[in-house]
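# Fold and geometry: a report
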Amino acid sequence: MIVHYGYLDASGEYFITVDDSKCSVCIEKGCIKACPKSIFMESENDYGEKVMMVKDEVRKMLKYICAECKPSVNRPPLPCVTACPYDAITHSW
Amino acid sequence: MYFAGLDVGARYTKTLIIDGDARVLSKKMSTSGFDNNIISKNLLNNLCMELGITLEEINKIGVTGCGKKNIDFANYEFSETMVAAKSVFFFNKNVRTIIEVGAEESRVVKLNSDGRIIDSVINEKCAAGTGTFVELMARTLEITLKDFSELSMKSEKKIPMNAHCIVFAESEVVSLIHSGVDKKDIVRAVNDAIASRIASMARRVKVEAEVALIGGLAKNSGFVFSLKNNLELDNIVIPDDPEYMGAFGAALLTREL
Ligand code: SF4
Ligand code: SF4
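Residues numbered from 1 in each chain as written. Chains lettered and ligands numbered in written order. Predicted model: local features only at pLDDT ≥ 70, side-chain atom pairs only at ≥ 80, totals over all residues. Heavy atoms only, no water.

## Observations regarding the overall build of chain B
The condition is simple: Each helix corresponds to a stretch of at least 4 residues labelled H or I by DSSP, and each strand to a stretch of at least 2 residues labelled E; elements are numbered beginning at the N terminus. Throughout, the radius of gyration refers to the C-alpha atoms, and the reference size of a globule is 2.2 Å times the residue count to the power 0.38. Here the term buried applies to any residue with accessible area under 20% of the maximum for its type, exposed to any over 50%, and partly exposed to those in between, with areas from a 1.4 Å probe on protein chains only. Methods summary: accessible areas were calculated by the Shrake-Rupley approach with a probe of 1.4 Å, and residue burial reflects only the protein chains presented. Counted as positive: Lys and Arg. Counted as negative: Asp and Glu, with His and the chain ends omitted from the count. Lys charges are placed at NZ, Arg charges at CZ, Asp charges at CG and Glu charges at CD.
Helix and strand counts for chain B come out as eight helices and nine strands. A compact globule built from 257 residues would reach a C-alpha radius of gyration of about 18 Å, and chain B, at 19 Å, matches this within 12%. When its C-alpha atoms are laid out on the principal axes, chain B stretches across 60 × 40 × 30 Å. Across the 257 residues in chain B, those meeting the buried criterion constitute 55%. A total accessible area of about 11,300 Å² is found for chain B, and carbon and sulfur atoms account for 50% of it. Charged side chains of chain B number 31 positive and 34 negative; the gap between the two group centres comes to 3 Å.

## Let's talk about the site of ligand 2
Short version of the rule: For each residue, the test is whether any non-hydrogen atom lies within 4 Å of the molecule or strand; if one does, the residue is near. Under the scheme applied, nonpolar residues are Ala, Val, Leu, Ile, Met, Phe, Trp, Tyr, Cys and Pro; charged residues are Asp, Glu, Lys and Arg; polar residues are all the others, including Gly.
Near ligand 2 you find Cys 35, Pro 36, Lys 37, Ile 39, Phe 40, Cys 66, Cys 69, Pro 79, Cys 80 and His 91 of chain A, and these make up its full shell. Partitioned by chemical class, the residues of the shell around ligand 2 number eight nonpolar, one polar and one charged.

## Considerations on the packing of aromatic side chains
Inclusion rule: Pairing of aromatic rings covers Phe, Tyr and Trp, the last through its six-membered ring, and needs centres within 6.5 Å; plane angles under 30 degrees mean stacked, over 60 mean edge-to-face, and all others mean tilted.
For the structure on display, the rule yields six aromatic pairs over all chains. With centroids separated by 5.4 Å and ring planes inclined at 45 degrees, the aromatic side chains of Tyr 7 of chain A and Tyr 14 of chain A adopt a geometry described as tilted. Each member of the pair, Tyr 7 of chain A together with Tyr 14 of chain A, is buried. Judged by centre distance (5.7 Å) and plane angle (80 degrees), the ring pair of Phe 90 of chain B and Phe 91 of chain B falls under edge-to-face. Taking relative accessible area as the criterion, Phe 91 of chain B reaches 52% and is therefore assigned exposed. Taken together, Tyr 7, Tyr 14 and Trp 93 of chain A form an aromatic cluster joined through their ring pairs.

## Notes on helix α3 (residues 131–141) of chain B
All names here are of chain B. Most of α3 sits out of view: nine of its 11 residues are buried. Of the residues making up α3, those classed as buried are Gly 131, Phe 133, Val 134, Glu 135, Leu 136, Met 137, Ala 138, Thr 140 and Leu 141. Directly after α3, the chain includes Glu 142, whose backbone phi takes a positive value near 55 degrees.

## Regarding the interface of chain A and chain B
This is how the line gets drawn: By definition in these notes, contact holds between two residues if any of their heavy atoms fall within 4.5 Å. Buried area counts how much accessible surface, traced with a 1.4 Å probe, disappears from two parts once they are put together, with both parts' losses summed. Whenever a carboxyl oxygen of Asp or Glu lies within 4 Å of a side-chain nitrogen of Lys or Arg, that contact is scored as a salt bridge.
Taken together, the contact pairs 18 residues of chain A with 21 residues of chain B. Sorting the residues of chain A by area buried against chain B places His 4, Leu 8 and Tyr 47 of chain A first, and these three jointly supply 35% of that buried surface. Viewed at the interface, chain B and chain A are joined by two salt bridges. Taking the shortest distance from any N to any O, the salt bridge between Arg 116 of chain B and Glu 49 of chain A comes out at 3.2 Å.

## Comments concerning the domain arrangement of chain B
Size of an interface, as often reported, equals the accessible area lost when the parts are brought together. All names here are of chain B. Counted only if it meets this: Domain start and end points were adopted from an automatic or database domain assignment. N or O atoms within 3.5 Å of each other form a polar contact, as long as, within protein, one can give a hydrogen and the other can take it, and as long as residues adjacent in sequence are counted only when both atoms are side-chain atoms.
Domain annotation of chain B identifies domain 1 (2–78 + 245–256) and domain 2 (93–236). Between the C-alpha centres of domain 1 and domain 2 the distance comes to 27 Å. Domain 1 puts four residues into the contact, and the matching count from domain 2 is five residues. Contact with domain 2 buries area across many residues of domain 1, yet Ala 10, Arg 11 and Met 245 alone supply 77% of it, more than any other trio. If you look at where domain 1 meets domain 2, you find one salt bridge. With a shortest N-O distance of 2.7 Å, Arg 11 and Glu 135 are connected by a salt bridge. Linking domain 1 to domain 2 there are two residue pairs in polar contact (both at pLDDT 80 or more). When its residues are assigned to classes, the side of domain 1 that touches domain 2 shows three nonpolar, no polar and one charged.

## Let's talk about the pattern of salt bridges
Residues and elements named next belong to chain B. As enumerated under the stated definition, the model contains 22 salt bridges over all chains in all. Residue Lys 184 pairs with Asp 182 through a salt bridge whose shortest N-O separation is 3.1 Å. Here Asp 192 makes a salt bridge to Arg 188, at a shortest N to O gap of 3.5 Å. Residue Asp 192 and its partner Arg 188 are located together in helix α6 (residues 183–203), separated by four residues, close to a single helical turn. Assessed through its relative accessible area of 10%, Arg 188 is described here as buried. Each member of the salt-bridge network shares a partner with another, and the members are Asp 19, Asp 21 and Arg 23.

## A word on the site of ligand 1
All names here are of chain A. Close to ligand 1 lie Lys 22, Cys 23, Cys 26, Lys 29, Gly 30, Cys 31, Met 52, Cys 84, Pro 85, Tyr 86, Ala 88 and Ile 89. Among the elements of the structure, α1 (20–23) and α2 (30–34) are those that each provide at least two residues to the shell around ligand 1. Across the shell around ligand 1, the residue classes break down as nine nonpolar, one polar and two charged.

## Digging into the sheet that holds strand β1 (residues 2–9) of chain A
Applicable threshold: In this description, strands pair whenever DSSP reports at least two bridges between them. The axes are straight lines fitted to the C-alpha atoms, using for helices just the contacting stretch, and the angles between their N-to-C directions are given from 0 to 180°.
Read from one edge of the open sheet, seven strands run β5(A)-β2(A)-β1(A)-β8(B)-β7(B)-β6(B)-β9(B), paired in mixed fashion. Only two strands of the sheet have a single partner each, and these edge strands are β5 (89–91) of chain A together with β9 (211–214) of chain B. The mean angle between the axes of side-by-side strands here comes to 15 degrees, regardless of whether they run parallel or antiparallel. Of the pairings in the sheet, the one linking strand β2 (residues 12–19) of chain A to β5 of chain A comprises three bridges and is antiparallel in character. By the bridge assignment for β5 of chain A, Ile 16 of chain A is matched with His 91 of chain A.

Structure, rendered in structure tokens:
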């Protein structure tokens, strides 16, 4: 299942999209440790699979929380995306 | 056999009881409040009284909605996406995209041909794409929610609304009123604005027919018309009781456990 965590507002769309079918076979779940803001957690999805989820309390603040990883010039690779061996994470902005 | 479904939403709490064949025997809703545990229990007791049964005779109770964690007498908890998928697919196996617009959040769920969720998106940040926005705009225009729906259908004029935020939208509506714009055209502009927000969210999951609309806003025919136009759809499936689909889904899932 693909899950879009985030929101849209007047300034744009701020979604982190996760293909959790890949998370269910990912043992390490490296994204959880890689994120300096600890926004990810392991939990069960609607079908009882152990997947990565974006924590509830940060979903409305992603634009600001991820800002440090996303300088407006010379953006380095994102730690969460780099840590994922299955290319399961994408960011919309 | 009796199974109850509760949907404890941000603004309204909906409850219903189904039998072993998934027939809805009774349903009721009320405004959510400070203690939704008591509100839900009272609603359920009223339903039981109507049916001439006691609360203890209900075999199992399932709960969903943003206030589900506060309900201490339910047997099972379900996510809002799961109950939406379950209830809509139960009625119509051809639905592939579900759009739900509740009082304070909206979501889009995409299903495969088995009714399994394959894609989902939730927008719970901005009220400008929710039922609360309509209620506020209706108050500003001093019309009922019923009029809000009907007036919009009479408008033949498109007025773009620039505000993306509920606070700015209200002042935009007030200035439209002061400049003498017809109420029906303002109502349509509001419905178009909400539809445009919901449609942008829906496009994230690549809308696929058939599309079902659930939640209280599905009763606003002006909004449905705007959404159809925006998504370029000929038809949107709307169940008979779109605001009870969450509670119905919770009852259906409970019945299977
Ligand atoms: S590392 Fe990638 S596949 Fe593994 S849990 Fe995180 S997002 Fe999912
Ligand atoms: S961009 Fe940075 S802060 Fe945002 S999720 Fe990825 S690692 Fe975490």
